[in-house]
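Here is what each chain is made of, one letter per residue.
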Amino acid sequence: MNEDIRIHSWPCSYYLDTSKQWVSGRLSLTPVAIKFTADKTGELLVNFHLSSISEIKKEASNLIFSSLTILEKNTKHWFSSLQPSRNVVFNILEHFWREQLLSSQGAGAEASALQATKGKELVGLMTGSQKRLEDTAKVLHYQGEQFDNIMRGLNKIEGDMDVADRLLTELESPSWWPFSSKLWKAPLETKPKETATVSDSKNQEGIIIRIPVIITHRTDSNVKPGKLTLFASGLEISDCNSQVIHRFDSKDVDDIRVHTPYEISIRQRFIGKPDTSYRLLSAKMPEAIPILEMQFSKKIQFLEDALGFVGARKSPQVDLGTSIWQAATGLLGGVVQPGSPVGGRDGPDNDQIQLQKQEKISQEEAKELKQILKKLKGLALETEAELERQDEALDSITTSVDRATLNIDKQNRRIKKLT
């Protein structure tokens, strides 16, 4: 993720201690830093890392003007005349500051990144791939349950059609027909079985991901902290006390707009009344966007500021995915069997030279990578089997719907004759 992405900027005034005066400009927030640029000169007066902040407070300057103070190491920075309001800026800055401290990219992240070995980087990449595949499996599992529910519903419809067919046959038969009692008893015997099959269906879905967010409802200027929870069937927005503010089922979502890698808006349209719309900002949003893109592929839209994010994920990642697998097998082969050639067709000499250039990984990292690769293979096979099962279920559903449509048309014609 590009650390120079501007998440938000606000017009405000900054107290310049050297000249003892307030300077108008813009306060900007990036994924890892806070900056202030003067309007007149364009000079960057403030630029420090989020991890260096020790405190963010709301205070009053000169006992009158509401201000926001940021304590960075031993320096206190004063910001006033914040637009749209001090509370909005405070909530957003505090959210990203806390998430930065809680994440692995907080204080000392740069130093730890320099010390990270190639093995750790590879383990991190493979773990991320495993998490994405697990999320995909959860969504597919829920879709499979939905198909099962549809099949149960269609089976019930077919049972009702059989009952209706018997009743129509009874009505069409002449009054002297001696077998009418058996026809009337048939539906009573089948009814308990039908209700039992319907009552057996249970919808117990799991949480795919839950992240802290800053919530803006419609066009309100007020923001408040909360949580975004993604399920296989939709998504849920709740406050800090886990009280549900709004739940969107998948069918209720009309569009999702990705404004930046850290900010999205979700909307449900209505006719004759205002749309239901929420704008969500989060430091963890890059983790949720791929899942939203998978669930709402036809409804999600990446705006101009987010195109770089989706491009960085999609275009190079296609080659990156294959290179990860090649690097994983190559490095594992170099550690477990250092003398054996890796790569096969290109010749052992080139591969040996490449392995010598690469940094060796430890036995523990190799073992962990083997376990991850084994899990990935199992998940891939399960996902493939589930997709095949769902294809068969779709064919069965299509056939059942066509059969039910023909039966309904046939029974409609019979009812018209009776009336």
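If you're wondering where the values come from, they're calculated on a predicted model, not measured in any experiment. (Residues numbered from 1 in each chain as written. Predicted model: local features only at pLDDT ≥ 70, side-chain atom pairs only at ≥ 80, totals over all residues. Heavy atoms only, no water.)

Strand order across the open sheet formed by eight strands is E11-E10-E9-E8-E14-E13-E12-E15, with mixed pairing between neighbours. Looking at which strands have only one partner, the edges of the open sheet turn out to be strand E11 (244-249) and strand E15 (300-302). On average, each strand axis in the sheet is tilted by 30 degrees relative to the strand beside it, whichever way the strands run. Of the pairings in the sheet, the one linking strand E13 (residues 263-268) to strand E14 (residues 276-281) comprises six bridges and is antiparallel in character. Across the sheet, the residue bridging to Ile 266 is Tyr 278, located in E14. Contacting strand E8 (207-217) and E14, helix H1 (residues 86-102) runs over the sheet at an angle of about 155 degrees to E8. Taken strand by strand, helix H5 (residues 285-295) contacts E8, strand E9 (224-231), strand E10 (234-239), strand E12 (255-260), E13, E14 and E15, and its axis lies near 105 degrees from that of E8. (Pairing = 2+ DSSP bridges. Helix = DSSP H or I, 4+ residues; strand = E, 2+ residues; numbered from the N terminus. Axes fitted to C-alpha atoms, helices over the stretch in contact; angles between N-to-C directions. Contact = heavy atoms within 4.5 Å.)

Moving on, we come to the pattern of salt bridges. Within this structure, the stated rule accounts for 10 salt bridges. One salt bridge in this structure joins Lys 251 and Asp 252, with 3.5 Å as the shortest N-O distance. Across the pair Asp 255 and Arg 269 runs a salt bridge whose closest N-O atoms are separated by 3.1 Å. Of the two residues, Asp 255 sits in strand E12 while Arg 269 sits in the loop between E13 and E14, which places them 14 residues apart along the sequence. Asp 255 gets classed as buried once you look at its relative accessible area, which sits at 10%. On the basis of relative accessible area, Arg 269 is assigned to the partly exposed category, the value being 46%. Where salt bridges share partners, they join Asp 255, Arg 267, Arg 269 and Asp 275 into one cluster. (Salt bridge = Lys/Arg side-chain N within 4 Å of Asp/Glu carboxyl O. Buried < 20%, exposed > 50% of the residue type's maximum accessible area, 1.4 Å probe, protein only.)

Turning next to H5. Counting buried positions along H5 yields nine of 11 residues, so the element is predominantly enclosed. All buried positions along H5 are accounted for by Met 285, Pro 286, Ala 288, Ile 289, Pro 290, Ile 291, Leu 292, Glu 293 and Gln 295.

Looking now at the packing of aromatic side chains. Counted by the stated rule, this structure contains six aromatic pairs. On the numbers, 5.1 Å between centres and 40 degrees between planes, the contact of Tyr 14 with Phe 79 is tilted. Note that Tyr 14 is positioned in strand E1 (residues 8-16) and Phe 79 in strand E7 (residues 75-80), a separation of 65 residues in sequence. Comparing Tyr 14 with Phe 79 shows no difference in burial state: the two are buried. (Phe/Tyr/Trp six-rings, centres within 6.5 Å; stacked < 30°, edge-to-face > 60°.)

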